Amino acid sequence: MIRNEIIGAIRKVVRRDIHLEFPENFQHGDYSTNAAMQFGLDAKKIVLKLSKDKKLSKIVSKIEIAGPGFINFFLSKKTLYDNLNMINLEKLKYGKSGIGKDKTVVVEYSSPNIAKRFSIGHLRSTIVGQALYNFYKVIGYKVIGDNHLGDWGTQFGVLLRQFTIYNLQFTDLTIDKLEDLYVRFNKSAKENPKLWEEARAWFAKLEKGDPEARKIWTEIRKLSLEEFDEIYSKLGVKIDHEHGESFYEDKIDSIVKELRNKGISIKSQGAEIIEFSDHPPAMIIKSDGTSTYFTRDLAQVKFRLDEYRPSKIIYEVGADQTLHFRQLFSAVGKLGWGKDVEFVHIPHGLIQLESGKMSTRAGKTIKLSEVLDKAIKKASELGAKTGPLAEKVGIGAIKWNDLKREPKTGFTFNWDEILNMQGNSGPYMQYTYARAKSVLRKTKIALKTVPYSISLTTEEEVILRYLSRFPEILVNAADNYSPNLLCEYLFALAGAYNAFYNKHKIIGDPNEAGRIALTKATVQVIKNGLLILGINVPERM
Ligand code: ARG
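Residues numbered from 1 in each chain as written. Predicted model: local features only at pLDDT ≥ 70, side-chain atom pairs only at ≥ 80, totals over all residues. Heavy atoms only, no water.

Caption draft 1: Looking closely at the site of the ligand. In the vicinity of the ligand, the contacting residues are E108, S111, N113, H122, H148, Y293, D297, Q300, V317, Q321 and F325. Here a nitrogen atom of the ligand sits 2.7 Å away from a polar atom, N or O, in the side chain of E108. In the environment of the ligand, a nitrogen atom lies 2.9 Å from a nitrogen or oxygen atom belonging to the backbone of S111. When the ligand sits alone it has 350 Å² of accessible area, and the protein chains cover 90% of it. Among the elements that take part in the shell around the ligand, helix α12 (residues 293-308) stands out by supplying 3 residues, more than any other. Partitioned by chemical class, the residues of the shell around the ligand number 3 nonpolar, 6 polar and 2 charged. (Near = heavy atom within 4 Å. Polar contact = N/O pair within 3.5 Å; in protein donor to acceptor, adjacent residues only side chain to side chain. Areas by Shrake-Rupley, 256 points an atom, 1.4 Å probe, with all protein chains shown as cover. Helix = DSSP H or I, 4+ residues; strand = E, 2+ residues; numbered from the N terminus. Nonpolar A, V, L, I, M, F, W, Y, C, P; charged D, E, K, R; others polar.)

Quick look at the structure:
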C-alpha cells in the first residue's frame, strides 16, 4: 500500500512510530503527518532529508510544510496512473489485502429471537454485522459468522404454558399467533404475577428434556427459522453458523463447575451469581435451577475460543446490551480464558419508525418483511420499474441508509431520505454506477494502459486521488468497525465522478482512452465497495 511506503520513508528519518493521516481536503495533499510537532523536531530538516529519498520522490511529487509543522505529501502523477492501471487489471481484487493473514475473527450478528417476528430491531445487527464480516474477509482474515439465535430461555416457558393451556395444534401455527400468545400472557401476568412461576416451571421442564416440551419447542423453532431464512434471502445475507443459545445447553454444566472451582461464582438467595467490582452482579443460575442468558453466553465464548482459536470475537448487538457485554467480558477475564483474544461489542443505536419505538412486550412490533416490501414497492415507483431491479434498489436503499451512519447512532426511518436520488442514498450510488456503466457501453475504444504523458483536468485528478485510497479505507473501516467510513468515501468518489461527468466530454474527447480508463476504474471501485457493503449494483437503471 502507498501509505506504508510513505510511513517507511518518514520512519527512516524520524526513527519513531509516526501517524499518517488523510488531510481534510486534497489542497493539503494526499497524506499528512504531525510527526514534527509530536516529537518536537524541525519540520524543515525532516523535509530536506525526505526530499533526498529516491524511492519516495517517485511516489510523491511534492512535500510541503503547512500550519504549525504538518508535513503534507502529494502523490505523483506516476503513482496515480500506476494505481489507475492497476485497478483495471485487478478488477474485483482491487482493495483486497493480506493484513489478516493466518488470523481468525468470529463475527456474531443478527441473532434474532425465535417465536417472534423478525422485527426491525434486528435489522441493524444483520446489516452492519454482515458488512463487518465482509470487511474482515477482504483484508485477509479467516472469518467465521455466527448467528446467536435466541432460542432458549424463560420466554419459551411462557410459550409452552400458553400452548398447553390453550391446547393449540401445530398445523395452523404462525409467528403472528405465537406473538399473540406472548401478548396475552403479559396482559394476564400483569394482574396475576404467579403466572410467571408457571412459565418458569415450563422452562425448567424444557431444560430437563421433557418430551412434550421438546416437541413443541422444536416445531416452533423450525417455523421461525423458515421465516428468518426468507428474510435473509431477501436481504442477501448468509451467516455461516446458527449456533443458537440452545446449542450450548449441554455445555453449561462444565462452565458452572469451572466458575465454582475457581471461586468466581457465589450463592445468593438461592441463586448463583458473579459479582464485579465495577458492575452490578450477573446471574448464573436462577433459584429454580435454570440457566440464564449470561451462562449461555459464557458457554458460547468458551466454544468459540476452543473451536476457532480466533484472535478477535466481534459482537454486533444493540447498545441496550452494553452492560451485559461488559459483565460478560469481565467474567471471561476472571476465568482467565482467551488471554490474548480481543473481545469487542459493537453496539448499534436503535431504529425508530416515525410512530415511535417498538417492543414485543407492548405488543407492537414492526414486521421487517413488511418494511422490506415497502422499500421494494417505493423503489419501483422511483423508476416505474419492477422485478429484480426494484429489489436491488429497494434493499440497497435500506442497507445504505443504515450503513452510512456510525453504528452507534440511532435514527428514524425516513423514506424520503432513504430513496433520495440526489442525496446520500443507495439509489444515488447505484444510479451513479449505472450511468458510468452506460458510458462504457458507448465507447468503441478498447481499454489500454494510460500513459503518464496525458495531462489531467482538476476533476480527473481528484478522482484519481480518491481511487488510490480505496484499499486503505477498507482497512480503516475494519479497524474501526465502521462501515460508514466506506460509505463516506464512496459517496465522495461518486460526487467527484459526477462533477467530472457533468463538466467534461468523455466519448469523442481527444483523451477518450484516458477518460474511459478512469470511468472504468471508478465503476470498479464503486462496485467493489458496494458489494463489500452487501449492496447490489444494477447495470442499468
Ligand atoms: N437474541 C438477543 C436479542 O435479540 C441478541 C443476542 C446477542 N448475542 C449474545 N451473544 N448475547 O436481544
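Don't stop here, the text continues.
Caption draft 2: Geometry of the sheet that holds strand β10 (residues 342-348). With parallel pairing, 4 strands are arranged side by side in an open sheet as β5-β4-β9-β10. Pairing within the sheet leaves two strands with one partner each, and these edge strands are β5 (142-146) and β10. Each strand of the sheet is rotated relative to its neighbour by a mean of 20 degrees, with strand direction disregarded. Here strand β4 (residues 104-108) pairs with β5 via 5 bridges, running parallel. Considered in β5, the bridge of V106 is made with I144. (Pairing = 2+ DSSP bridges. Axes fitted to C-alpha atoms, helices over the stretch in contact; angles between N-to-C directions.)

Caption draft 3: Geometry of the packing of aromatic side chains. By the definition in use, this model includes 27 aromatic pairs. Between F413 and W415, the aromatic rings sit 5.5 Å apart at their centres with planes inclined by 75 degrees, giving edge-to-face as the arrangement. In this structure F413 comes out as buried when scored by relative accessible area, which is 2%. In textbook terms, an aromatic cluster arises when at least three aromatic residues are bridged by ring pairs, as seen for F26, Y94, Y466, F470 and Y489. Positioned above the aromatic ring of Y182 is the side chain of K116, whose terminal nitrogen or guanidinium carbon lies 5.1 Å from the ring centre. A cation sits over an aromatic face here: R405 above F411, 4.2 Å from the ring centre. (Phe/Tyr/Trp six-rings, centres within 6.5 Å; stacked < 30°, edge-to-face > 60°. Buried < 20%, exposed > 50% of the residue type's maximum accessible area, 1.4 Å probe, protein only. Lys NZ or Arg CZ within 6 Å of the ring centre and 35° of its normal.)

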